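Architecture and fold: a report
Below are the chains, spelled out letter by letter.
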Amino acid sequence: MKKQIAILGSTGSIGTQALQVIEEHPDLYEAYVLTANNKVDLLIEQARKFRPEAVVIANEDKYLQLKEALSDLPIKVYAGADAICQVVESQPIDIVLTAMIGYAGLRPTMSAIRAGKIIALANKETMVVAGELINALANEYHTPILPVDSEHSAIFQCLEMNNPLEKIILTASGGPFRTFTMEQLQTVTKEQALKHPNWSMGAKITIDSASMMNKGFEVIEAKWLFGVRPEQIEVVVHPQSVIHSMVEFEDGAVKAQLGVPDMRLPIQYAFSYPQRIRSSFDRLDFMKCNSLTFEAPDTKRFCNLALAYEALHQGGNMPCIVNAANEVVVASFLKDQISFLGMSDVIEKTMQRVPFIAAPTYEDYVSTDAETRRIAAEMVINGMK
């Protein structure tokens, strides 16, 4: 039988590539639910092509447009964040691909876990904000969480049964500003930051990659996904993005997963796990890989990585604070309201101002997120005062 897949965030970069995987294997997979935040026109196009059982638009103002556009098809149409949380519980769904952007992915992921769905996790912020809570839920409901991020998928593919890891080595491209001086970083624009050298991604994650906050989030995510201590997670800058990540075992052996920078491979692996299936994706040509280089990240120029490690060491609600502050400053940077380096300054100040909670509940995460966004937004408007 075909696996029924719910794609949360079907109009984003991960979501559209997931639909390409489904299209390539129509005998194995079907899109059962598609959801989007604002891109109603693309959601309509996807729904007419893939004929899911249901679609949800988070922006309720666009419900009527979506409903009318699909009125000739037997597709259920819903709107709002609550509807997304409810629809993932649908009985026929086998896998929920969480490809929503940011904190918005937390609640529907929790709903899908409680419903016993396999989680294909592409929303790293869920683990950043509430990794301990998510792991506890997954254990309680015996729900597998399969990583879709290329780096965490690489680690997952390198794991060995009964052989514990000594260290995880997360590779980072370094982004478009890897060689920039502090003086150059002071004047970079959003247009420059949106031009990633290797990957094609959405605006938010592209900015996060340029600032290396994305790698900081991946460090936090790795701690919860693989049960390691912060000091067991090392970041190495690898500009070619051929090695997607590595693991080192107790005997010193290192395993790496290599491939072209194509997110369809980790998406497909999460869908097909534990099997591998054929694909038409580009293959790695070693005759063209004549140079693989590695260097240490510069946490003075890219202090977001250091802030993420600090949040991980502190624990509690501190990663939630960092995530919420980062979402605010990235949105502000994309509106030309804050400088590239100013983003890190606001995040660091917000970490100092929002009350710390050592053992947060879900309600604590919700209040922390709201309070952090208020404080960070005020700092952006008032220029860090």
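It should be noted that the structure appears before, not after, this text.
Residues numbered from 1 in each chain as written. Predicted model: local features only at pLDDT ≥ 70, side-chain atom pairs only at ≥ 80, totals over all residues. Heavy atoms only, no water.

**So, the overall build of the protein chain**
The helix and strand inventory of the protein chain stands at 16 helices and eleven strands. Over its C-alpha trace the protein chain gives a radius of gyration of 20 Å, about what one expects of a compact globule, namely 21 Å for 385 residues. Judged by the C-alpha coordinates and their principal axes, the protein chain covers about 55 × 50 × 40 Å. Here the protein chain holds 385 residues, and the buried ones make up 55% of them. Within the protein chain, counting contacts between residues at least 6 apart in sequence, those at least 24 apart form 68% of the total. When the accessible surface of the protein chain is split by element, carbon and sulfur atoms take 51% of a total near 17,000 Å². Taking the average location of the 35 positive side-chain charges in the protein chain and that of its 46 negative ones, the two points are 3 Å from each other. (Helix = DSSP H or I, 4+ residues; strand = E, 2+ residues; numbered from the N terminus. Rg over C-alpha atoms; globule rule 2.2 N^0.38 Å. Buried < 20%, exposed > 50% of the residue type's maximum accessible area, 1.4 Å probe, protein only. Contact = heavy atoms within 4.5 Å. Areas by Shrake-Rupley, 256 points an atom, 1.4 Å probe, with all protein chains shown as cover. Lys, Arg positive; Asp, Glu negative; His and termini not counted. Charge placed at Lys NZ, Arg CZ, Asp CG, Glu CD.)

**Some remarks on the sheet that holds strand β11 (residues 254-258)**
Sheet architecture is open: four strands sit in the order β9-β8-β10-β11, paired in mixed fashion. If you trace the sheet from one side to the other, it starts and ends with β9 (233-237) and β11, each paired once. Averaged over all pairs of adjacent strands, the angle between strand axes in this sheet comes to 20°, irrespective of strand direction. Pairing of strand β8 (residues 165-172) with strand β10 (residues 243-249) involves five bridges; the strand directions are antiparallel. Each residue of the ladder has a partner; that of Lys-167, found in β10, is Glu-248. (Pairing = 2+ DSSP bridges. Axes fitted to C-alpha atoms, helices over the stretch in contact; angles between N-to-C directions.)

**Considerations on the packing of aromatic side chains**
Across all of its chains, the model carries seven aromatic pairs by this definition. Between Phe-156 and Tyr-269, the ring centres sit 6.3 Å apart and the planes meet at 65°, which makes this aromatic pair edge-to-face. Here Phe-156 is found in helix α7 (residues 150-158), whereas its partner Tyr-269 is found in helix α12 (residues 264-272), with 113 residues between them in sequence. As far as the burial class goes, Phe-156 and Tyr-269 line up, both buried. Centre to centre, the rings of Phe-156 and Tyr-273 are 5.0 Å apart; their planes meet at 50°, and the pair counts as tilted. Note that Phe-156 is positioned in helix α7 and Tyr-273 in the loop between α12 and α13 (303-314), a separation of 117 residues in sequence. Phe-156 sits in the buried class, given a relative accessible area of 18%. One aromatic cluster in this structure is built from Phe-177, Phe-180, Phe-333 and Phe-340. (Phe/Tyr/Trp six-rings, centres within 6.5 Å; stacked < 30°, edge-to-face > 60°.)

**Focus: helix α6 (residues 124-140)**
The terminal C-alpha atoms of α6 lie 21 Å apart, and with 17 residues this falls more than 12% below the ideal 24 Å at 1.5 Å per residue. Ala-130 marks the point of greatest bend in α6, at about 105°. Every buried residue belonging to α6 is among Lys-124, Glu-125, Thr-126, Met-127, Val-128, Val-129, Ala-130, Gly-131, Ile-134, Leu-137 and Ala-138, and all of these are buried. With its phi angle positive at about 55°, His-142 sits one or two positions after the end of α6. (Expected span 1.5 Å × (residues − 1). Bend = angle between axes of the 7 residues up to and from the residue.)

**Looking at the sheet that holds strand β4 (residues 76-79)**
Ordered by their spatial adjacency, seven strands build an open sheet running β4-β3-β2-β1-β5-β6-β7, and the pairing between neighbours is parallel. At either end of the open sheet lies a strand with only one pairing partner, and these are β4 and β7 (145-147). Strand-to-strand, the axes of this sheet are offset by a mean angle of 20°, without reference to chain direction.

**Brief notes about the pairing of β4**
Of the strand pairs in this sheet, strand β3 (residues 54-57) and β4 are connected by four bridges, and their pairing is parallel. Residue pairing across strands places Val-56 opposite Tyr-78, the latter belonging to β4. Taken together, β3, helix α3 (residues 63-69) and β4 form a β-α-β motif whose crossover is right-handed. (Right-handed = clockwise from strand over helix to strand, strands pointing away.)

**Thoughts on the packing of helix α14 (residues 318-334) against helix α15 (residues 340-353)**
At a closest axis distance of 9 Å, the pairing of α14 and α15 adopts a crossing angle of 150°. Taken together, α14 and α15 sit at an angle that is classed as roughly antiparallel. Every pair of crossing elements has a handedness; the one defined by α14 and α15 is right-handed. Across the interface between the two elements, Met-318, Ile-321, Val-322, Ala-325, Asn-326, Val-329, Val-330 and Phe-333 from α14 touch Phe-340, Met-343, Val-346, Ile-347, Thr-350 and Met-351 from α15. Per-class residue counts for the contact of α14 with α15 are twelve nonpolar, two polar and no charged. (Parallel < 35°, antiparallel > 145°, perpendicular 65-115°, else oblique. Left-handed = near helix turned anticlockwise from the far one by under 90°. Nonpolar A, V, L, I, M, F, W, Y, C, P; charged D, E, K, R; others polar.)

**Describing the pairing of β3**
Along any regular strand the residues' side chains alternate between the sheet's two faces. What you see with β3 is no split at all: Ala-54 and Val-56 on one side and Val-55 and Ile-57 on the other are buried throughout. As defined by bridge partners, strand β2 (residues 29-36) adjoins β3 across four bridges and the pair is classed as parallel. Its bridge partner lying in β3, Val-33 is registered against Ala-54. You can see the chain leave β2, run along helix α2 (residues 40-50) and come back into β3, and the turn it takes is right-handed.

All quantities given are derived from atomic positions and should not be read as evidence of function.
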